[in-house]
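Take a look at the letters that make up each chain.
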Amino acid sequence: MASHRKPKQRSLTSSTARAAALLALTGAASATLLDGTGHAENRLTPAQVKAKVDQYQRQAEEATERYNGAKDKADKARAALDALRDQAARRTTRLNAARNALGAFATAQYRSGTIAPALQLALSSSPGQYLQRASLAERAGNRQAALIASVGRQERKLRQVRGEAADRLAALRASQTAAAHHKRTVQQRLAAADRLLDRLTLEQRQRLLAAQDGDKAGADGTASPTAGRAARAVSYAYAALGKPYVWGATGPHGYDCSGLTQAAWRAAGVALPRTTYTQIDAGRRVTRDQLAPGDLVFFYSGVSHVGLYIGDGRIIHAPRPGAPVRVASVADMPFAGAARPA
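Keep in mind it's a predicted model, so treat the numbers as computed, not measured.

The subject of this paragraph is the environment of Leu169. On the secondary structure map, Leu169 appears in helix α4 (residues 127–198). On the accessibility criterion, Leu169 (21% relative accessible area) is partly exposed. For the pair formed by Leu169 and Ala80, sequence separation is 89 residues and the distance between their alpha carbons is 9.2 Å. Discounting chain neighbours no more than four positions away, the residues touching Leu169 are Leu81 and Arg85.

In structure tokens, the structure reads:
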């Protein structure tokens, strides 16, 4: 009879049930927040779609700057790790050579010296020669002691270098993980924006893109008079007009916002850091009414966007995916600060 009974279903433990519920809630929230596929968004007006698309694109740019920072840290950690590994290899070679020399000393000592020094003197036919050899042996012993101390120092230094390499490897992996996370965020936000745009009719989409492209005005203008490094940076930015926005790119075929400003000042012989939130501290801060061509102008509360000032209240910047490098007004976006590279 027992063999015909149905096997009992195993019930979930309370912790497993809580975990399953949490995962389900997290998944649902992510689907709504990241892809914009919530039911409410099916009823958005074109104006609301534009606001949502702008929000997603702004979030994508913020994630892009975090990605740039994490990638920059990973690149530096990788370079430092490679240098430490090279150093460890060289130190290992020197240590092995020192150990071999120490082994040669030990072998020679074993082969030559089992007779007590007093007996060797008594048996020697030439006490003078014996004393000379004893003096040489003492100096050899001193060299041996010095070699032993050197081996110990080299072992300690090698352990230190290997420890530093392990720390750099951990930093590299952490930065790579962070970069991958921010990359996924960028892709999710941009995909969410594209899905919203796909819901519009062709006419609605054209009107929305035309509204977004309102900052094209002045793209054929000329830079205000300037000289020196700032002039070279501005000239580079003008040459980049029309090139595509490519997140994570520093040229020459495409740029993100901080990639463009970094490349422009690099052409002028000045090394700027990679991200907006580090570039703002790379030079002397200036106020909005002090702006001069070549200055870096930052926007939004999170300092997530930057352009290069060219005079007459205008900047050249890489706006967002789908919008090429262009001229815009400083007044088009919320001003967050400005800096003048040295």
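What follows deals with the sheet that holds strand β4 (residues 314–317). The antiparallel open sheet is built from 6 strands, whose spatial order is β1-β6-β2-β3-β4-β5. Both edges of this open sheet fall to β1 (283–286) and β5 (326–329), since each of them pairs with a single strand only. Geometrically, the sheet is characterised by an average inter-axis angle of 40 degrees between neighbouring strands, direction not taken into account. The sheet contact formed by strand β2 (residues 296–299) and strand β6 (residues 335–341) spans 4 bridges and is antiparallel.

Moving on, we get to the nonpolar core. Counting 28 residues, the largest nonpolar core has Tyr255, Trp265, Leu296, Phe298, Leu308, Ile316 and Val325 as the members making the most contacts within it. Broken down by secondary-structure element, the contributors of at least two residues to this core are α6 (228–239), α7 (257–267), β2 and β3 (305–311). Discounting residues that sit within four places of it in the chain, Ile316 has contacts with Ala237, Tyr238, Leu241, Leu260, Gly307, Leu308, Ile310, Val325, Arg326 and Val327. Core analysis: the next-biggest nonpolar cluster, separate from the first, contains 12 residues, Ala74, Leu84, Ala88 and Ala98 among them.

With that out of the way, let us pick up the environment of Arg205. Examined against the element boundaries, Arg205 turns out to sit in helix α5 (residues 202–212). Residue Arg205 is classed as partly exposed on the basis of its relative accessible area, which comes to 27%. Distance from Arg205 to Val49, taken between C-alpha atoms, is 9.7 Å for residues 156 residues apart in sequence. Apart from residues no more than four positions distant in its own chain, Arg205 is found in contact with Leu197, Asp198 and Leu200.

Looking at the protein as a whole, its pLDDT mean stands at 76, while 69% of the residues score no less than 70. A low-confidence stretch, residues 1–38 stays under pLDDT 50, and its non-local contacts, those more than four residues away or across chains, total 23 contacts. Low pLDDT, under 50, characterises residues 118–124; the stretch is placed with 6 contacts to residues that sit more than four places away or in other chains.

Moving on to unusual backbone geometry. Cis geometry marks the peptide bond from Gly251 to Pro252; its omega dihedral reads 0 degrees. Examined against the element boundaries, Pro252 turns out to sit in the loop between α6 and α7. We note that Tyr300 has phi near 75 degrees; this positive angle belongs to a residue other than glycine. Mapping Tyr300 onto the fold places it in the loop between β2 and β3. Given a relative accessible area of 21%, Tyr300 falls into the partly exposed group.

The rules we used
Residues numbered from 1 in each chain as written. Predicted model: local features only at pLDDT ≥ 70, side-chain atom pairs only at ≥ 80, totals over all residues. Heavy atoms only, no water. Helix = DSSP H or I, 4+ residues; strand = E, 2+ residues; numbered from the N terminus. Buried < 20%, exposed > 50% of the residue type's maximum accessible area, 1.4 Å probe, protein only. Contact = heavy atoms within 4.5 Å. Pairing = 2+ DSSP bridges. Axes fitted to C-alpha atoms, helices over the stretch in contact; angles between N-to-C directions. Core = buried A, V, L, I, M, F, W, Y, C linked by side-chain atoms within 4.5 Å. pLDDT = per-residue confidence, 0-100.

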